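# Summary of the model geometry
The lines below spell out each chain.
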Amino acid sequence: MRAPRTVVALGAVLLSSAGCSGEGAVATAGPPAAGPARPGRAAVVAAADELARAGTARVRTAMEMVSGHTRVTIEGSGAFDLAARTGRLRVTLPPGTDGALPGERRRVRELIAPGALYMRNRAGVPADKWVRVDTTRLPDGNLVTGGATDPVTAAQLLRGAGRVAYEGVAELGGTRVWHYSGLVDIERAAAGAPPRARRQLRAAEKGFSGHTVPFDAYLDAQARLRKVQHRFDFAADPDGPPDADYTVTSTTELHDFGTRVRIRMPEPGDIWTGRIAAP
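Described in the following lines is the structure provided in the data block.

The rules behind each value
- Residues numbered from 1 in each chain as written.
- Predicted model: local features only at pLDDT ≥ 70, side-chain atom pairs only at ≥ 80, totals over all residues.
- Heavy atoms only, no water.
- Salt bridge = Lys/Arg side-chain N within 4 Å of Asp/Glu carboxyl O.
- Buried < 20%, exposed > 50% of the residue type's maximum accessible area, 1.4 Å probe, protein only.
- Core = buried A, V, L, I, M, F, W, Y, C linked by side-chain atoms within 4.5 Å.
- Contact = heavy atoms within 4.5 Å.
- 1 Å grid on protein atoms, 1.4 Å probe; cavity = no way out; pocket = protein on both sides within 12 Å on 5 of 7 lines; lining within 4 Å.
- Points joined across faces, edges and corners; volume = space filled by probe spheres on them.
- Helix = DSSP H or I, 4+ residues; strand = E, 2+ residues; numbered from the N terminus.
- Nonpolar A, V, L, I, M, F, W, Y, C, P; charged D, E, K, R; others polar.

What follows deals with the pattern of salt bridges. The full count for this structure, using the stated rule, is 11 salt bridges. A salt bridge links Arg 137 to Asp 134; its shortest N-O distance comes to 3.3 Å. The partly exposed category is assigned to Asp 134, whose relative accessible area is 24%. What you see here is one network of salt bridges that share partners, running through Asp 220, Arg 224 and Arg 226.

Of all hydrophobic cores here, the largest spans 57 residues; its most connected members are Leu 82, Leu 158, Phe 215, Leu 225, Phe 232, Val 248 and Leu 254. Each residue touching Leu 225, except ones within four places of it in the same chain, is listed here: Ala 47, Leu 51, Ala 155, Leu 158, Ala 217, Tyr 218, Leu 219, Leu 254 and Phe 257.

Attention shifts here to empty space enclosed by the protein. A full pass over the atoms with the stated rule returns 1 cavity of 30 Å³ or more. Here the largest cavity is characterised by a volume of approximately 40 Å³. As for the largest cavity, its lining consists of Arg 85, Ile 112, Ala 113, Ala 116, Thr 135, Asn 142, Asp 150, Val 152, Thr 153 and Gln 200. Every element with two or more residues in the lining of the largest cavity is listed here: strand S4 (107-113) and helix H3 (151-157). Residue composition of the lining of the largest cavity, grouped by class: 4 nonpolar, 4 polar and 2 charged.

Limitation: the analysis is restricted to geometry and does not speak to function.
What follows is the structure in structure tokens.
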């Protein structure tokens, strides 16, 4: 599926067409008894519910686009109220993008709420204003377009997990985790999501209809999602140069559960209603 170039979201440096594909994984034996109480697939599918029960966490994000010999990375960090599905991120764009000088990396502030993304420090926007994006209208449901997949949406995607394989025990930041891999069916994820998340996944479902997305998920002993990675394969734009297919790998890590998080959304007068020029 081709998606029009968006001029209102950070991931325009990554996204000019949309579609995804992935290879399957063969199911293997479940984790040892010391791992999450549920069997493998059930634990992965329930990750979003476990995060909501966890309440809050700090997050790190990374989004990498690879096309041929070209590689660009967007990095972010922040904190989320996982139950309220609100959070904040400070996202660092690749050098020279979004109006930055050559070699300079623009840092953009993001606030995330159900169905909405607010951005500040965008090129062409007054310094004291935010830009609001309706994520249910984006052709990928803001899975990659915002430059980061927020942890709530990343976990909601796992509701569509299938062909889950147990990959073994690993360690993240001193915490023992259980590693699973498999495929996400976005249509299935949307069908199983609660109403507040369903519209956004439905938007992504339209863009990725009939396709699956490979994932790797790492759960701790309390079945909380500590790291999740999705790999989106995008077809080249027919109007662009040949051999321009690319892969976007989105990684989200969660830590410091229970940290205090206060999110204040912009007032109507703080929101810029003008048009953002395309990068």
